[in-house]
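# Observations on chain architecture
What follows is the residue order along each chain.
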Amino acid sequence: MAGKVWFVGAGPGDPELLTLKGRRLLETAGAVLYAGSLVDQATTLFAPPGCEVRDSKDMTLEEMSAWLLEQSRRHACVVRLQTGDPGLYGALIEMTRPLTAAGVDWAVVPGVSSAMASMAAAGETLTLPEVTQTVILTRVAGRTPMPPGEDLEALAAHKTTLCIYLSITLLHKVQEALLAAGWSEDAPILVVQKASWPNEEKIVRGTIKDIKRKCQNEKIASQAMIVASPTLGAADWPDLIRSKLYDPAFTHRFRKASAPAAISTETL
Ligand code: SAH
């Protein structure tokens, strides 16, 4: 039998944040390989009785590829369940290449990434009109070096929203890079650990100066997203530039303006 391997984004943790497509594939899977250190096991409960469910946390990449290959010979649908979105720090291509080489069909189902889940958990927005319209998803160099031009200091110079993955144990590097790029030490920083995990999520708000100490106090040393953004705290700002799309004075394809033009700012 020539089965197909699906790389499915499990989302950030809450099984309800899996896509409908991901859930349907899990429900029909003959074999599931899940990233146990980051994917809540509850997600695998969608797999049918008799499905072979394997945690990949103690496996090497070669062992995972071999397992997926072997299962694809026995089952029509094989699922590799990955945290968040499979295309972000997911070793996706390393796993798909051996499948392609062996003539096994594969496809990717996107997932809710932890950056989105972290901002949602905190009631924050990634973009805000005339504040920032750009989001950078990045990390700092750990054992994996950063390619030229991508060090955090250079990226932070844009003063956009920065979602920093895989870096909670390197918070001092984040602090240094932001300060070197000209951010104020009072600039707000958000850290969310286990965003969306039922009963385990932790939200820490601080500034560049004190975020490290606050995370130490909360014993946050893994599975955490760091967000630096000029949008943080906007829910409490006294003045806000409105989004044009919902402005009564703004006409677009689906709605005619109902109020005189030139209302662009509003005091809440
Ligand atoms: N593909 C994943 C990222 C995998 S790399 C995604 O799209 O989210 C692992 C890193 O993701 C962790 O170091 C942490 O920075 C972040 N992460 C994963 N799950 C998280 C969660 N539930 N809450 C906060 N950060 C999370």
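Described below are features of the structure shown in this document. For clarity, every value in this text was computed on a predicted model and none was experimentally measured.

### Thoughts on helix H2 (residues 61–72)
The end-to-end C-alpha distance of H2 is 16 Å, a good match for the 16 Å that twelve residues give at a rise of 1.5 Å each. Residues of H2 that are buried make contact with strand E1 (4–9), strand E2 (31–34), strand E3 (52–55), strand E4 (77–82) and helix H3 (92–101).

### What to know about the packing of aromatic side chains
Counted under the stated rule, the structure contains two aromatic pairs. Ring geometry for Tyr 89 and Tyr 165: centres 5.2 Å apart, planes at 50 degrees, overall tilted. Residue Tyr 89 is found in the loop between E4 and H3, and its partner Tyr 165 is found in strand E7 (residues 161–165); the two are separated by 76 residues along the sequence. Judged by its relative accessible area of 6%, Tyr 165 is buried. Between Lys 194 and the ring centre of Trp 197, over which it is positioned, the NZ or CZ distance is 4.1 Å.

### Side note on the site of the ligand
Inspection of the region around the ligand gives 19 residues, with Leu 88, Ser 113, Ser 114, Ala 195 and Ala 224 positioned closest. At a separation of 3.0 Å, an oxygen atom of the ligand approaches a polar backbone atom of Leu 166. Coverage of the ligand by the protein amounts to 95% of the 550 Å² it exposes when considered alone. At the level of elements, helix H4 (114–121) and strand E10 (224–228) are the ones that each hand at least two residues to the shell around the ligand. Classifying every residue of the shell around the ligand by side-chain character gives eleven nonpolar, six polar and two charged. When residues of the shell around the ligand are assigned to domains, at least three map to each of domain 1 (4–109) and domain 2 (114–234).

### Here's the deal with the nonpolar core
Leu 162, Leu 178, Trp 183 and Val 191 are the most contacted members of the largest nonpolar core, which has 26 residues in total. Elements with a contribution of two residues or more to this core: helix H5 (152–156), E7, helix H6 (171–180), strand E8 (188–193), helix H7 (211–217) and E10. Leaving out residues up to four positions away in the same chain, Leu 178 has contacts with Ala 156, Leu 162, Trp 183, Ile 189, Ile 208 and Ala 228. Counting residues in each nonpolar core, the second largest holds 16 residues, with Leu 26, Ala 29, Tyr 34 and Ala 107 among its members.

Thresholds, definitions, all that
- Residues numbered from 1 in each chain as written.
- Predicted model: local features only at pLDDT ≥ 70, side-chain atom pairs only at ≥ 80, totals over all residues.
- Heavy atoms only, no water.
- Helix = DSSP H or I, 4+ residues; strand = E, 2+ residues; numbered from the N terminus.
- Expected span 1.5 Å × (residues − 1).
- Contact = heavy atoms within 4.5 Å.
- Phe/Tyr/Trp six-rings, centres within 6.5 Å; stacked < 30°, edge-to-face > 60°.
- Buried < 20%, exposed > 50% of the residue type's maximum accessible area, 1.4 Å probe, protein only.
- Lys NZ or Arg CZ within 6 Å of the ring centre and 35° of its normal.
- Near = heavy atom within 4 Å.
- Polar contact = N/O pair within 3.5 Å; in protein donor to acceptor, adjacent residues only side chain to side chain.
- Areas by Shrake-Rupley, 256 points an atom, 1.4 Å probe, with all protein chains shown as cover.
- Nonpolar A, V, L, I, M, F, W, Y, C, P; charged D, E, K, R; others polar.
- Domains from an automatic or database assignment.
- Core = buried A, V, L, I, M, F, W, Y, C linked by side-chain atoms within 4.5 Å.

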